[in-house]
Amino acid sequence: MKTRLAADVGNDEAARYYKALVEVLLKQLQGLEKCRIRFCYAPDDADDAIRFWLLPLMNGSPSETEGVYLAPTALGEKYRQEIDFRPQGEGDLGDRMQRAFAEGFVDGFEEIAVIGTDCPDCGARWINAGFSRMSTDQRDGMIGPSTDGGYYLLGLKTPCPSLFTSIAWSEDTVLDRTLSAAEKAGLKIEKLPPLTDIDHLEDWNSLLEGPLGASIKKSLGEELDS
């Protein structure tokens, strides 16, 4: 749940808002090309609850591969989105992101992007464009700056643990420290356009007034403006 948003609107309302954010984000990701969506969840014993919540939203169904599900996409009937699930494990945010990258590369994926669930504007077009730039522009990774000094997306072609150490994750220096660590590691990082995370009530109200406002209100079951 969004703890900072909960401080503004209360736990129950923040949980309702968060569910709407996730539902809209999943729709935004329906145009992903040639990649698998992996949901990394916490706490680690929430596997059944997460699947029960997310798979129906995506119309997901089991595939022939154990633990992998398939869902329809915006790319046509012949293309199905692969989905799987992993626990985040212990540690701070950096530990958990580093683990997600490490496990993904061990599983054989060549390019991996980690995104949060609090930036619904980060849709398939930005991720597809970022992966394309990583390939054609010979970049080692990509990052999507958020307007609060952090980032909404980080993509890599190879593990780089130094990007996740000595970072104060709750401060507005996350982006700068990460870019500095990438430079020290000799990585060429492609920057995507800045987007806004939904952390506070002000962010939420701005989201409702923007292009995704109608989708958010629909997910909440609220009446749309005439």
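Details of the structure are given in the entry above.
Treat the numbers as computed from the prediction; the structure is a model and nothing was measured.

Attention shifts here to the overall build of the protein. A tally of regular secondary structure across the protein gives eight helices and eight strands. Taking 226 residues into account, the globule formula puts the C-alpha radius of gyration at 17 Å, and the protein, at 17 Å, falls close to it. Viewed in the frame of its principal axes, the protein has a C-alpha envelope of about 50 × 45 × 35 Å. The burial tally for the protein puts 42% of its 226 residues in the buried class. A separation of at least 24 residues holds for 63% of the contacts in the protein among residues at least 6 apart in sequence.

This model, assessed by the stated rule, comprises six aromatic pairs. Between Tyr17 and Trp204, the aromatic rings sit 4.0 Å apart at their centres with planes inclined by 5 degrees, giving stacked as the arrangement. Linking Tyr17 in helix α2 (residues 11–28) with Trp204 in helix α7 (residues 201–209), this pair joins segments that are 187 residues apart in sequence. On the accessibility criterion, Tyr17 (10% relative accessible area) is buried. Judged by centre distance (5.9 Å) and plane angle (85 degrees), the rings of Tyr69 and Phe85 are edge-to-face. With Tyr69 in strand β3 (residues 69–72) and Phe85 in strand β4 (residues 80–87), this pair connects stretches of sequence that are 16 residues apart. Each member of the pair, Tyr69 together with Phe85, is buried. Among the aromatic residues, ring-to-ring pairing joins Phe39, Tyr69 and Phe85 into one connected group.

All of the buried residues along α7 are Asp203, Trp204 and Leu207. Each buried residue of α7 lies within a common arc of 100 degrees when the element is viewed along its axis, so the set occupies one face. Of the exposed residues in α7, those oriented more than 90 degrees away from the buried face are Glu202 and Glu209. Those residues of α7 that are buried lie in contact with α1 (3–9), α2 and α8 (213–220).

With that settled, consider the pattern of salt bridges. Enumeration over the complete set of coordinates arrives at twelve salt bridges. Here Glu13 makes a salt bridge to Arg16, at a shortest N to O gap of 2.9 Å. In this pair, Glu13 and Arg16 are both assigned in helix α2, three residues apart and thus about one turn of the helix distant. As a salt-bridge pair, Arg86 and Asp107 come within 3.6 Å of each other at their nearest N and O atoms. One end of the pair, Arg86, is in strand β4; the other, Asp107, is in the loop between α4 (93–106) and β5 (112–115), and 21 residues separate them in sequence. Of the residues examined, Arg86 reaches a relative accessible area of 26% and is grouped as partly exposed. One connected set of salt bridges, linked through shared partners, spans Arg36, Arg38, Glu82, Asp84, Arg86 and Asp107.

Each value, and the rule that gives it
- Residues numbered from 1 in each chain as written.
- Predicted model: local features only at pLDDT ≥ 70, side-chain atom pairs only at ≥ 80, totals over all residues.
- Heavy atoms only, no water.
- Helix = DSSP H or I, 4+ residues; strand = E, 2+ residues; numbered from the N terminus.
- Rg over C-alpha atoms; globule rule 2.2 N^0.38 Å.
- Buried < 20%, exposed > 50% of the residue type's maximum accessible area, 1.4 Å probe, protein only.
- Contact = heavy atoms within 4.5 Å.
- Phe/Tyr/Trp six-rings, centres within 6.5 Å; stacked < 30°, edge-to-face > 60°.
- Arc of directions from axis to C-beta.
- Salt bridge = Lys/Arg side-chain N within 4 Å of Asp/Glu carboxyl O.

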